[in-house]
2 protein chains.
Amino acid sequence: MTLTQPRTSDTFDALLTALRRDLPAAALSTGPQTAPYATDRSGSHPDGEPLAVVHAAHTDHVRTALRHAHALRVPVVPRGAGTGLSGGANAGAGTVVLDLSRMNRVLDLDPHDQIAVVEPGVITAELDRAAGEFGLRYAPDPASAAISTVGGNIATNAGGLRCAKYGVTRDAVLGLDAVLADGTPVRTGRRTVKGVTGYDLTALLTGSEGTLAVITAATVRLRPVPEATVTVAAYFDTFAEGAEAVSALTAARVEPAMAELLDGPVLGAVDEAQGTDLRSRGGALLLLQCDGRSAQAEAELAVRLLRGRAASVETTADPAEADRLLAARRLALPSLERLGRVLIEDIAVPRTQLAAAVREITAAAERHDVRIFTFAHAADGNLHPILVLDHATADTADTADIPEAAWQAAGDIFTAALRLGGTLTGEHGVGTLKRRWLTDELGPAQHALQQRIKAAFDPHGILNPGKAL
Amino acid sequence: MTLTQPRTSDTFDALLTALRRDLPAAALSTGPQTAPYATDRSGSHPDGEPLAVVHAAHTDHVRTALRHAHALRVPVVPRGAGTGLSGGANAGAGTVVLDLSRMNRVLDLDPHDQIAVVEPGVITAELDRAAGEFGLRYAPDPASAAISTVGGNIATNAGGLRCAKYGVTRDAVLGLDAVLADGTPVRTGRRTVKGVTGYDLTALLTGSEGTLAVITAATVRLRPVPEATVTVAAYFDTFAEGAEAVSALTAARVEPAMAELLDGPVLGAVDEAQGTDLRSRGGALLLLQCDGRSAQAEAELAVRLLRGRAASVETTADPAEADRLLAARRLALPSLERLGRVLIEDIAVPRTQLAAAVREITAAAERHDVRIFTFAHAADGNLHPILVLDHATADTADTADIPEAAWQAAGDIFTAALRLGGTLTGEHGVGTLKRRWLTDELGPAQHALQQRIKAAFDPHGILNPGKAL
C-alpha cells in the first residue's frame, strides 16, 4: 500500500510532460490554479497544494491520467464537487487531482425501466430534477444534494434524510463504469434490479472513497415520486423523550420517510440566529414525514401515538406550511456555524440506542468542556453531534488547530458508538479525520484484509492514499 | 487461484489425522457417509465423493477445519442444506465438505431494533417464523425457504418472490461473522441500518458462493408483517400481453409485493399434473400481491388497469382463497418435474425487456428443438426458463448427459439476456453450471480483478475452487 519509490521532482516533471502531451490544454491546471482543489469541506487542510488538476471531460482523460500516474507512482485524488466532510478529497503536495465535475451529462434516463445512467459529475439535485420530469425521483438525498455530485455520493455511500424508508446511495446504484488505477476500464453490475454474476463490485466500490477505482458512469435506480406527503412536528421536553417516541413509532409499524430529531441546544442556536422562539416550546423537536398512498393514515397514527408523549404536535399536508415546519432543520447547521468553527460528527447506533447515545454525547461534552449540539436522522439511528469550537481556533481551518479537548470528546463519542453496537460514520465516510479510530471498529484482521483488497485494485497505492483505510 | 501443489494421499492422511485429533468424533464423517454431501439440487455431479465432511457445531470447528485445510492446501466446500441449483455446493474427490447445518441457532432476535443474529444453518422459514412471534418477518423469500438455510441464501444472494418491493438477501444483511481461508475470524458490518466505515465486505461476501470466506453468523434486518395483503389473478391471451400489463402497473406506480407471470406451457403442465384447466383460461397467468396499509387501494388500481388488458381478473383478500389462486405458481416446478429432467435457468433483464426475453426463449427452444417452459418474477425482470429434457437422459442426473442441444439453447438464452442489458443469473448464482458464460458478462478485465480479490481472501485457493468465478 505504501508507495514503492520516493517521488522526485524528475518524476513530477515526467508526469506533467506526459499529461501535457496526451491531454487537451483545457483539461490540465498547474501552479496556483490548483489551490482551490486542495481541500474539501471538512475544515482540514493537507500540507501543500496539488501538483496538477486534470479536469476530465471524457473517460479517456481519466484513463490517460491514471495510466501515467500509475506508471510513475504518483498519487491521484479523485474529486467531485469537493463537498465532503471527512477530508476524503483533500489533496496535498505531490498529488494529482482528478476533477470529474465536467463529466456532468445524464447519458440515459429510461422512465419505463426507472433507471438513469449518469456521469459522475452530475449534481445530485439535477438528476433528481431530470427524473422529476417523468414523475420519478432519485431517492438518496444527502443534505448536500444541491451542491454535491452523484459520483461523490457514491464514493462516500452518502445517506440523507429519507434513508430509513428508501435506503442509502448503495441501494440506488445498480452498476458502475470505473477505471482501475492502471487505466483499465471495467463495468460492474447491470441495468437489472437483480443479478448475482460474480462478486458485487458495485457495492464494494460504493463507499470506497476513491481508493479502489475512479467512477466514470453510474447506472442508478429511480423511484416514483410519492402520491402524497404529510409533515408532523412534535416538541418534547427532552431529547430522550423524542427518541423514545421514535422507537414507539417504529414499534407501531409507522415507516416515516423522514424523522429528524433536534436537541434543545440546536433549537436555541436556531432561535439566536433566526429570531424564532423554538426553544421555549420544548427541549427537542421531532420532524416527521409520512409519504405514499397511505401517508395520511400513517401520519394520523403517528399523531395519535405522539399526543400522549409530546408537549405539542402539529401536522400539515400543505407544502408551504411543511416548509415552514422544516425550516428549523434546514437552518440548524448555518445557525451553528455562526457560533464558531463546527466539527460535524456522524455516528450511527442501533435505533433503540438513540437516547443512550445522546446521554453519552452530553457526558463527553461536559467531561471535556466542549460545546456539542446534536441532531439525528432518528429512524435509522444516525446522529450528527456538532462540536462548536471557539472562533479563536476557527481562522486557519486546520486540523492542527483543533484543541485536544475536542479530539478527546470526539474519541469518547466514537468509543460510545462502538460500545452501543454502532459505527464511527453513518454516512460521511472515514476520509482522513476518522482514520485513527478505524481499527477500533474493523479489528486488525479485517483491516489487513481490506488493505489486501485495496492492493488487488491498486497495487502501487496511487488512488487517494491515506484516506478511508 | 490454482492449487500450488499436487495433493497426494499423504496430504489427505495428514488432514484426516489432524481433523480427528482436533475435532470431536461426532463432527467428522468419512468414507461412504460422505456420499450425500457430494451434490446440491442442480442435477450435476462432480467426479467422485468428498474425502470428509466436517459437521461444524461451533465457529471453533470451522476455524480448525480451515486452518488445517489451508496448511495442507486441501479444497473446502462450505455447505448449508444443499438446496442450491447451480452446483455451488458440489464436492468431488479430494475435497472436504464443511457442513454448517448444525450451526442452527437464532442467537438474538431484537424486536425493537428489528434485527436478528443467526447462525448460518438456520432454515430461512424458521427465522421468518421466529420473527413472526413479534409481528415481524424476514423479507427474503426464495422458493426454497422451507428447506434452505440463511447462510446458503447469503452465499448465493438469494432472491425470491417479493424482491421487487422488499429487495434481495443482500438488502437484509447488515453484518457477518466469517472465517477466512486460513482460519482467521472477521466481523463485517454492524447492527445499524447505516454505516460506511471501511469497504463493504458484507455485500462482497453476500453472493460469493463460499469462495471468499465461511459465514458463521449473520446480523439481518427484520421488517413488520404487512397489515394486509390482497391477491389478484389475471389471465392473458399471451405472455407478451401479461408482460406489458406488468410494465403498465409499474408505470402507474403500483409496487406489488409479488408479480409472478406463468406462460401457457407451464399452465398446461400444471393442468396435466393436477387435473385443473388453467390453460383453457389463457396463454399466461399473472399472480399479483399488493400489501401494506394501502394494499386494498393499490389492488383496486391494479385491477382497473388489468381489466382492459386481461381476459379475466379475480381478486381476494381471503388467505385461503389467495392460496388457491397461488397454487398454480407453487405447483409449477413439481408439475414440470413429472415431464422429464428439468434444468432451471435464471436470467434477469431490465423490466421492460420481459416480453422480448420470452420471444428469445421461444426462438431458442424452436431453434434447438428443446422444450422450454417459463415463469418469471415479472416486477424485477427475473425469468426462469425451465428446460425439460427427455426422461431418457434423466436417470444419471449427470451434466455429461445433457444433450448438446440443451446447452446450445441455454447459451442462446444467456447471450440474449446480456444483449437485452441483463444477466446470466438473477438469483441462483453461477456455481459450476454457468461458468462457461461468465466472462461474457464480466469482461476479461473485471474477471481478472475478481480473481485478484479472491486471492486477497484465499491465497491458496482452497475455498470452493472451481465455483462462481
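Residues numbered from 1 in each chain as written. Chains lettered and ligands numbered in written order. Predicted model: local features only at pLDDT ≥ 70, side-chain atom pairs only at ≥ 80, totals over all residues. Heavy atoms only, no water.

An unreviewed UniProt entry lists chain A under the name FAD-binding protein, with Streptomyces scabichelini given as the organism.

Observations regarding the environment of Thr250(A)
By secondary structure assignment, the location of Thr250(A) is in helix H8 (residues 239–251). Its relative accessible area of 13% is what places Thr250(A) among the buried residues. Between the C-alpha atom of Thr250(A) and that of Ala302(A), which follows or precedes it by 52 residues, the distance is 9.8 Å. Excluding residues that lie within four positions of it along the chain, Thr250(A) makes contacts with His112(B) and Gln114(B). (Helix = DSSP H or I, 4+ residues; strand = E, 2+ residues; numbered from the N terminus. Buried < 20%, exposed > 50% of the residue type's maximum accessible area, 1.4 Å probe, protein only. Contact = heavy atoms within 4.5 Å.)

Section: the sheet that holds strand S1 (residues 28–30) of chain B
Residue and element names in this part refer to chain B. Strand order in this open sheet of four strands is S1-S2-S4-S3, and the pairing throughout is mixed. A strand with exactly one partner marks an edge of an open sheet, and here the two such strands are S1 and strand S3 (76–79). Within this sheet the neighbouring strands show an average axis-to-axis angle of 20°, counted without direction. Relative to strand S2 (residues 52–55), S1 runs antiparallel, the two sharing three bridges. Bridging from a neighbouring strand, Thr30 pairs with Ala52 of S2. (Pairing = 2+ DSSP bridges. Axes fitted to C-alpha atoms, helices over the stretch in contact; angles between N-to-C directions.)

Observations regarding the interface of chain A and chain B
At the junction of the two partners, chain A supplies 82 residues and chain B supplies 82 residues. Summed over both partners, the interface of chain A with chain B comes to about 6500 Å²; 55% of that surface belongs to carbon and sulfur atoms. Where chain A meets chain B, there are 34 residue pairs in polar contact (both at pLDDT 80 or more). The set of elements that each furnish at least two residues to the side of chain A that touches chain B consists of helix H5 (163–166), helix H6 (169–172), strand S9 (185–189), helix H7 (201–205), strand S11 (223–224), helix H10 (295–307), helix H14 (438–442) and helix H15 (444–457) of chain A. Take the side of chain A that touches chain B: its biggest share by element is nine residues, from H15(A). Within the side of chain A that touches chain B, the residues separate by chemical class into 32 nonpolar, 29 polar and 21 charged. (Buried area = accessible area lost by both parts, 1.4 Å probe. Polar contact = N/O pair within 3.5 Å; in protein donor to acceptor, adjacent residues only side chain to side chain. Nonpolar A, V, L, I, M, F, W, Y, C, P; charged D, E, K, R; others polar.)

Section: the nonpolar core
With 70 residues, the main nonpolar core has Leu204(A), Ile453(A), Leu204(B) and Ile453(B) as its most contacted residues. Apart from residues no more than four positions distant in its own chain, Ile453(A) is found in contact with Leu204(A), Leu212(A), Tyr199(B), Leu201(B), Leu204(B), Ala456(B) and Phe457(B). (Core = buried A, V, L, I, M, F, W, Y, C linked by side-chain atoms within 4.5 Å.)

So, the pairing of strand S4 (residues 96–99) of chain B
Residues and elements named next belong to chain B. Burial along S4 is two-sided: the residues Val96 and Leu98 and Val97 and Asp99 are all buried. Bridge count for S2 against S4 is four bridges, and the pairing is parallel. Across the sheet, Ala52 pairs through a bridge with Val96, a residue of S4. Relative to S4, S3 is paired through four bridges, and the arrangement is parallel. Bridge pairing in S4 places Val77 opposite Val97.

Re the UniProt feature "domain: FAD-binding PCMH-type" (unreviewed entry) in chain A
Here, UniProt's "domain: FAD-binding PCMH-type" (unreviewed entry) annotation points to residues 46–225 of chain A. Span residues 46–225 of chain A is 24% helix and 25% strand, its end C-alpha atoms 41 Å apart. (UniProt positions renumbered as here; feature names shortened; annotations may be inferred.)

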